[in-house]
Amino acid sequence: MTESALLAERIQHHWHELPAAERRVAQFVAAQARLAATYSLTELSQIHAVSKATVSRLFRRLGYDDFNQARDAMRQQPNPGSPLARPITQADDLYHHVQQETSNLTGWLSETSLQHSADIIDLLFTARTLYCLGQRNNFPLALHAHTQWTQLRADTRLIPQPGQSLSEHLVQLDPKDVVVVFGFRRRYRGFQQLLKALLRSGVQTVLITEPDFPTQAQLTAHIQLSIESQGPFASYAAPVSWIAHASNGMMQHFPEATRKRIEQIEEQYQDLGELEP
């Protein structure tokens, strides 16, 4: 292992000899190196429920003199959200593409997640105001969720609107509200500050990210969905599927209220002639 080896290469080389506690930290660092570089040694240990000594041992095992040298290496890692950081092997192979999509869709299924999902569906429908928040590549997901959910319940909002800042919305949040935050890589620079602001406000926050993003205890829920693909560009099949699952779940859990609202919307469609028959 040469001194110029990338951090991810060092982790892969030493993986078989890492104790379980060090592996937890190494897995996060390999997947989110630049994000990991924003944390202190103490914060990294707290996030992964290990001691500071464990984190220090990991980086020494990887060949770094101390945490500061390791953090410099993290900052030099390619951003995992950039298409340039990902291989194009088998990118045009339809068979492997479908295999990966299937893996993404089934990866978040478990007995516990099924009950957890039902609880989240109830939370979304009963919120005073339901906010859908997404920026950059997450905006289409937030827009799609808003389009679906506004047909099922009143006071569903998409934020931020064009020409508005997030601060204009954060000041009106209430603990009875729910904010669904779509936060898949590659996140904008102020994303961590946004999460902290939401948690300080007391609003119920449902965060949806890829599995490697660190969770926080104060979150109401953290839904982790894979967006892996066989090529440089991420696949959002699993998040879109989850939105459909939540929408159908609302209709199943609250059939009378949702059906009444949809019927009213259908009447408006007919009165205004907006949609083809």
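That block above? That's the structure.
Residues numbered from 1 in each chain as written. Predicted model: local features only at pLDDT ≥ 70, side-chain atom pairs only at ≥ 80, totals over all residues. Heavy atoms only, no water.

Attention now moves to the side chain of Glu-22. Among the secondary structure elements, Glu-22 is positioned in helix 2 (residues 20-31). Ignoring anything within four residues of it in the chain, the contact list for Glu-22 reads Thr-54, Arg-57, Leu-58 and Arg-61. (Helix = DSSP H or I, 4+ residues; strand = E, 2+ residues; numbered from the N terminus. Contact = heavy atoms within 4.5 Å.)

Inspection of every chain in the model, using the stated rule, returns 7 salt bridges. A salt bridge links Arg-61 to Glu-22; the nearest nitrogen and oxygen atoms lie 2.9 Å apart. In this pair, Arg-61 is assigned in helix 5 (residues 52-61) and Glu-22 in helix 2, connecting sequence segments 39 residues apart. The class of Arg-61 is partly exposed, set by a relative accessible area of 29%. Under the relative-accessibility criterion, Glu-22 is labelled buried at 2%. The salt bridge partner of Asp-72 is Arg-75, with a shortest N-O separation of 3.1 Å. Here Asp-72 pairs with Arg-75, and both are found in helix 6 (residues 67-76), just 3 residues apart, close to one helical turn. (Salt bridge = Lys/Arg side-chain N within 4 Å of Asp/Glu carboxyl O. Buried < 20%, exposed > 50% of the residue type's maximum accessible area, 1.4 Å probe, protein only.)

A word on the layout of surface pockets. Approximately 930 Å³ is the volume attributed to the largest pocket. As for the largest pocket, its lining consists of 30 residues, and the residues nearest its centre are Arg-34, Leu-35, Thr-38, Arg-189 and Gln-192. Among the secondary structure elements, those contributing two or more residues to the lining of the largest pocket are helix 3 (33-36), helix 4 (41-47) and helix 11 (191-201). No other element matches the 5 residues that helix 11 contributes to the lining of the largest pocket. Residue composition of the lining of the largest pocket, by class: 12 nonpolar, 9 polar and 9 charged. (1 Å grid on protein atoms, 1.4 Å probe; cavity = no way out; pocket = protein on both sides within 12 Å on 5 of 7 lines; lining within 4 Å. Points joined across faces, edges and corners; volume = space filled by probe spheres on them. Nonpolar A, V, L, I, M, F, W, Y, C, P; charged D, E, K, R; others polar.)

This structure, assessed with the given rule, holds 6 aromatic pairs. With a centroid separation of 4.2 Å and 15° between ring planes, the pair formed by Phe-125 and Phe-254 is classed as stacked. One end of the pair, Phe-125, is in helix 8 (residues 111-126); the other, Phe-254, is in the loop between helix 12 (237-253) and helix 13 (255-272), with 129 residues separating them in the sequence. Over the ring of Tyr-64 we find Arg-10; its NZ or CZ atom is 4.3 Å from the centre of that ring. Over the ring of Phe-191 we find Arg-187, and its NZ or CZ is 6.0 Å from the ring centre. (Phe/Tyr/Trp six-rings, centres within 6.5 Å; stacked < 30°, edge-to-face > 60°. Lys NZ or Arg CZ within 6 Å of the ring centre and 35° of its normal.)

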